[in-house]
Amino acid sequence: MARILIVDDSPSQLMGIRRIVEKLGHEALTAEDGAAGVEAAKRELPDMILMDVVMPNLNGFQATRSITRDPTTSHIPVVLVTTKDQDTDRVWGMRQGAKAYLTKPFSEGDLSDVIGQVMKR
C-alpha cells in the first residue's frame, strides 16, 4: 500500500481520483492547489504524487519543478494528471521532472496502470 498525494483544485476530480486510489488499496492524501501540494509533499513525504496542471496560485508544472528539485522531496515520483493534451504540454511536464503524464478524462484502468508502472521504478 502506497501513500499517494492527489493535488487538484476541482473538488469533483479530487474526490473521483481519491475514490480510485483508495479502491486500489492505497492511502490518499489531498491538496487543493499547487502551493498546498508542495507543502503537503514536504510535510507528508508521500510515495507518489498525482498532480493536476491547471490550478490557481502555483500551477502543476511549477509545483512539480519545485518538488523534483528540492532535495527533501526529489525522490517522490510525480505524475501529471491533466486535461492539457498537447505534445508540447507533455514534453514540458516531463522536463519539469514528472515521471508520467496522464490525460483527463481517463479510466480507472488507466490510472491503475500508471500508478503500477511508476511504483515499480
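Residues numbered from 1 in each chain as written. Predicted model: local features only at pLDDT ≥ 70, side-chain atom pairs only at ≥ 80, totals over all residues. Heavy atoms only, no water.

Draft legend 1. Region of interest: the packing of helix H1 (residues 11–23) against helix H5 (residues 108–120). The N-to-C vectors of H1 and H5 enclose an angle of 60°; their axes lie 10 Å apart at closest approach. In terms of their interaxial angle, H1 and H5 are classed as oblique. The handedness of the crossing between H1 and H5 comes out as right-handed. Where H1 approaches H5, its residues Ile 17, Arg 19, Ile 20, Val 21 and Lys 23 are matched on the opposing element by Glu 108, Leu 111 and Ile 115. (Axes fitted to C-alpha atoms, helices over the stretch in contact; angles between N-to-C directions. Helix = DSSP H or I, 4+ residues; strand = E, 2+ residues; numbered from the N terminus. Parallel < 35°, antiparallel > 145°, perpendicular 65-115°, else oblique. Left-handed = near helix turned anticlockwise from the far one by under 90°. Contact = heavy atoms within 4.5 Å.)

Draft legend 2. Up close: the UniProt feature "domain: Response regulatory" (unreviewed entry) in the chain. The feature "domain: Response regulatory" (unreviewed entry), as given by UniProt, occupies residues 3–119 in the numbering adopted here. When the span residues 3–119 is considered, its composition is 47% helix and 20% strand, and the gap between its end C-alpha atoms is 11 Å. (UniProt positions renumbered as here; feature names shortened; annotations may be inferred.)

Draft legend 3. Fine view of the pairing of strand E3 (residues 48–51). Side chains of E3 alternate between two faces, with Met 48 and Leu 50 and Ile 49 and Met 51 buried alike. Relative to E3, strand E1 (residues 3–7) runs parallel, the two sharing 4 bridges. Counted as the bridge partner of Leu 5 is Ile 49 from E3. One ladder, built from 3 bridges, connects E3 with strand E4 (residues 78–82); its direction is parallel. Within E4, the residue paired with Leu 50 across the bridge is Val 79. Taking the sense of rotation as the criterion, the β-α-β connection linking E3, helix H3 (residues 60–69) and E4 turns out right-handed. (Buried < 20%, exposed > 50% of the residue type's maximum accessible area, 1.4 Å probe, protein only. Pairing = 2+ DSSP bridges. Right-handed = clockwise from strand over helix to strand, strands pointing away.)

Draft legend 4. Region of the structure containing the pattern of salt bridges. In the structure shown here, the tally under the stated rule is 10 salt bridges. Notably, a salt bridge pairs Asp 8 with Lys 104, separated by 2.7 Å at the nearest N-O pair. In this pair, Asp 8 sits in the loop between E1 and H1 while Lys 104 sits in the loop between strand E5 (100–103) and H5, placing the two residues 96 residues apart along the sequence. On the accessibility criterion, Asp 8 (2% relative accessible area) is buried. Take Lys 104: its relative accessible area is 12%, and that puts it in the buried class. When the shortest N-O distance is used, the salt bridge between Glu 22 and Arg 18 registers 3.0 Å. Here the residue Glu 22 and the residue Arg 18 both occupy positions in helix H1, the gap between them amounting to 4 residues, near one helical turn. Look at the salt bridges and you will find they share partners, linking Arg 3, Glu 27, Arg 43 and Glu 44 into a network. (Salt bridge = Lys/Arg side-chain N within 4 Å of Asp/Glu carboxyl O.)

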